[in-house]
Amino acid sequence: MISVNGLEYASKIAVAGLRKHKMEFDLIYTSLLLRAHQTVDVIANGMNYSNLPVRCHWRLNERHYGNLTGYNKREMADKFGEEQIQIWRRSYDVLPPKIVPENPFYCKIRNNPKFKNIPEDIFPDTESLKEVIARVLPLWECDIMKEVLKGSRVLVVAHGTVVRALIKHIDGIGEKEITELNIPNSVPCVFEYDLKTCKRVNKMQYLADEEYVKKEQEKVAKIGDYTTGKMI
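Rules used throughout
- Residues numbered from 1 in each chain as written.
- Predicted model: local features only at pLDDT ≥ 70, side-chain atom pairs only at ≥ 80, totals over all residues.
- Heavy atoms only, no water.
- UniProt positions renumbered as here; feature names shortened; annotations may be inferred.
- Helix = DSSP H or I, 4+ residues; strand = E, 2+ residues; numbered from the N terminus.
- Contact = heavy atoms within 4.5 Å.
- Polar contact = N/O pair within 3.5 Å; in protein donor to acceptor, adjacent residues only side chain to side chain.
- Salt bridge = Lys/Arg side-chain N within 4 Å of Asp/Glu carboxyl O.
- Buried < 20%, exposed > 50% of the residue type's maximum accessible area, 1.4 Å probe, protein only.

- You'll find the protein chain entered in an unreviewed UniProt entry as phosphoglycerate mutase (2,3-diphosphoglycerate-dependent), with Glossina fuscipes given as the organism.
- The UniProt entry for the protein chain carries the following comment under Sequence similarities (unreviewed entry): "Belongs to the phosphoglycerate mutase family. BPG-dependent PGAM subfamily."

**Considerations on the UniProt feature "binding site: substrate" (unreviewed entry) in the protein chain**
Next up, step 1: Look at the UniProt record and you will see "binding site: substrate" (unreviewed entry) annotated at Arg35, Glu62, Arg63, His64, Tyr65, Lys73, Arg89 and Arg90.
Next up, step 2: Relative to the elements of secondary structure, Glu62 occurs in the loop between strand E2 (54-56) and helix H3 (73-80).
Next up, step 3: Its location among the elements puts Arg63 in the loop between E2 and H3.
Next up, step 4: Beyond its immediate chain neighbours, meaning those up to four positions away, Arg63 contacts Trp88, Arg89, Val94, Pro96, Glu127, Ser128, Val132, Arg135 and Thr161.
Next up, step 5: A polar contact of 3.2 Å, which involves the side chain of Arg63, links it to the backbone oxygen of Arg89.

**As for the pattern of salt bridges**
Next up, step 1: All told, the structure shown has 12 salt bridges when counted by the stated rule.
Next up, step 2: The shortest N-O distance in the salt bridge between Arg74 and Asp78 comes to 3.5 Å. Taken together, the residues Arg74 and Asp78, both in helix H3 and four residues apart, mark about one turn of the helix.
Next up, step 3: With a closest N to O distance of 2.7 Å, Asp171 and Arg200 form a salt bridge. With Asp171 in helix H7 (residues 160-171) and Arg200 in strand E5 (residues 199-206), this residue pair connects regions lying 29 residues apart in the sequence.
Next up, step 4: Judged by its relative accessible area of 35%, Asp171 is partly exposed.
Next up, step 5: Salt bridges sharing partners connect three or more residues here, namely Arg55, Asp143, Glu147 and Lys150.

If you want it as structure tokens, here you go:
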């Protein structure tokens, strides 16, 4: 479930940015997670969308943090050290420990009826950014981009690591450079495509004040600013 602050961010930052730049959409993609659906509801209400199609897919679910799932980031940093936590959080291909049955979220994840269509052989026990990219790309390339290149104006409401995965792919960011990319919470970013050439045009644009974006990026980079956050 998204926090009260999260809902407020979605309304004051995401909706405000979309409305200010007069963005319009034909279709929304999002994950199977409740907090993503709540964000979609806030955006749909704020943009006065009543019948906009919403496609929910497990490939857009947030990254699986393995056995760190459900634990406070500050607590995990105190236990394993901030350097190790930052490696697990930010590195391209270093996996956190796999989730074990003793983890209080193990059964909730494995038995969640929303996840029943995830093939057993690819149901994750832990993920790094590398695995998230491999999970997300089939949906991006075979579904979302097909809609974009048909002329559909598509809004993707996704989680932080999924957004990093998509930006890495779209902008061709290197494995080292992506570790330094911080996504500001609730700030929409825009990618535009030429429908004739099927190629990107213009640079990615954040729909928020530059100083605010910088401040939020710095906040995301610091473990200490997430003392109440859950790695799930």
